[in-house]
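Close look at the chain arrangement
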Amino acid sequence: MENNVNSTLDSNYYFYDSKLSVTPEELQDLYRFTRWGRSRSIDQIERMLKGTSMCFSVRYNGKLVAFCRIITDFVFRGSLWDVLVHPDHQGKGLGSRLLDYALEHPAIKPLPIIVTYTCEMSGFVKRRGFEERGGLFILQRRPTEFT
């Protein structure tokens, strides 16, 4: 679903709530601007998209400039991953608008708990209502990129 939610953004920003709105190739191009996602292959991104519940993206003049995804059961829990904004579009409130769009989506808004794991963006997600909580346990079976 396309939605132009541009009250303060340029009118050429369009928001989407479908994984069909992104291709693995253009997403790989966006990941190259992160230190944690640069090595993701097209095949890995393709499989990730297939296994992701919902993807949210932003296009500017037709080009993918922002992305995030949520994995959820649509009842009890969701987890937010891969919040990306192209460097040329940072500092304009686009990341905040993308997260608001995702978190206020009718399929996501009813979820009582949404978690995310980040240390690079802690201040950013705190402004969206996320709180730090102890008690996180992780089973890491092999070394992986920091996400």
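Let me sum up the structure you'll find in this document.

Conventions used here
The numbering scheme is per chain: residues are counted from 1 as the chain's sequence reads. For a predicted model such as this one, the threshold for reporting local features is a pLDDT of at least 70, and the threshold for listing and counting side-chain atom pairs is 80 or more; totals across whole chains, interfaces and linings nevertheless cover every residue. Excluded from the side-chain calculations are hydrogens and water; all other atoms, namely the structure's heavy atoms, are used. A patch consists of residues whose relative accessible area exceeds 30% and which take part in no salt bridge; residues with like charges are grouped when within 9 Å of each other, and nonpolar side chains (Val, Leu, Ile, Met, Phe, Trp, Tyr) when within 5 Å. In short, Shrake-Rupley with a 1.4 Å probe defines the accessible areas, and a residue's cover is counted only from the protein chains shown. Here, a salt bridge means any Lys or Arg side-chain nitrogen found within 4 Å of an Asp or Glu carboxyl oxygen. The secondary structure listing takes helices from DSSP runs of H or I that are at least 4 residues long and strands from runs of E that are at least 2 residues long, numbered from the N terminus. Exposed residues in this analysis have more than 50% of their type's maximum accessible area, buried residues have under 20%, and partly exposed residues fall in between, with area computed by a 1.4 Å probe over protein chains only. Grouping buried Ala, Val, Leu, Ile, Met, Phe, Trp, Tyr and Cys residues that are joined through side-chain atoms within 4.5 Å yields what is termed a nonpolar core. Any pair of residues with heavy atoms lying within 4.5 Å of one another is described as a contacting pair.

Nonpolar side chains collect at one region of the surface, where Phe74, Val75 and Phe76 lie side by side and expose about 310 Å² of accessible area between them. With respect to the secondary-structure elements, Phe74 resides in the loop between strand 4 (63-72) and strand 5 (77-85).

The next point concerns unusual backbone geometry. Positive phi, close to 50°, is recorded for Asn61, a residue that is not glycine. Among the secondary structure elements, Asn61 is positioned in the loop between strand 3 (54-60) and strand 4. The phi dihedral of Asp82 is positive, around 55°, even though this residue is not glycine. Relative to the assigned elements, Asp82 resides in strand 5. When its relative accessible area of 6% is taken as the criterion, Asp82 is described as buried.

A few words now on the nonpolar core. Membership of the largest hydrophobic core comes to 24 residues, with the highest contact counts inside it found for Phe15, Phe56, Val58, Cys68 and Leu94. Elements represented by at least two residues in this core include exactly strand 2 (13-16), strand 3, strand 4, strand 5, helix 3 (94-103) and helix 4 (122-126). Looking at this core element by element, the count peaks at 6 residues for helix 3. In this structure Leu94 touches Leu9, Tyr13, Phe15, Val58, Val65, Ala66, Val85 and His89, once residues within four positions along its chain are discounted. Residues Leu30, Trp36, Leu49 and Cys55 belong to the second largest nonpolar core, which totals 12 residues.

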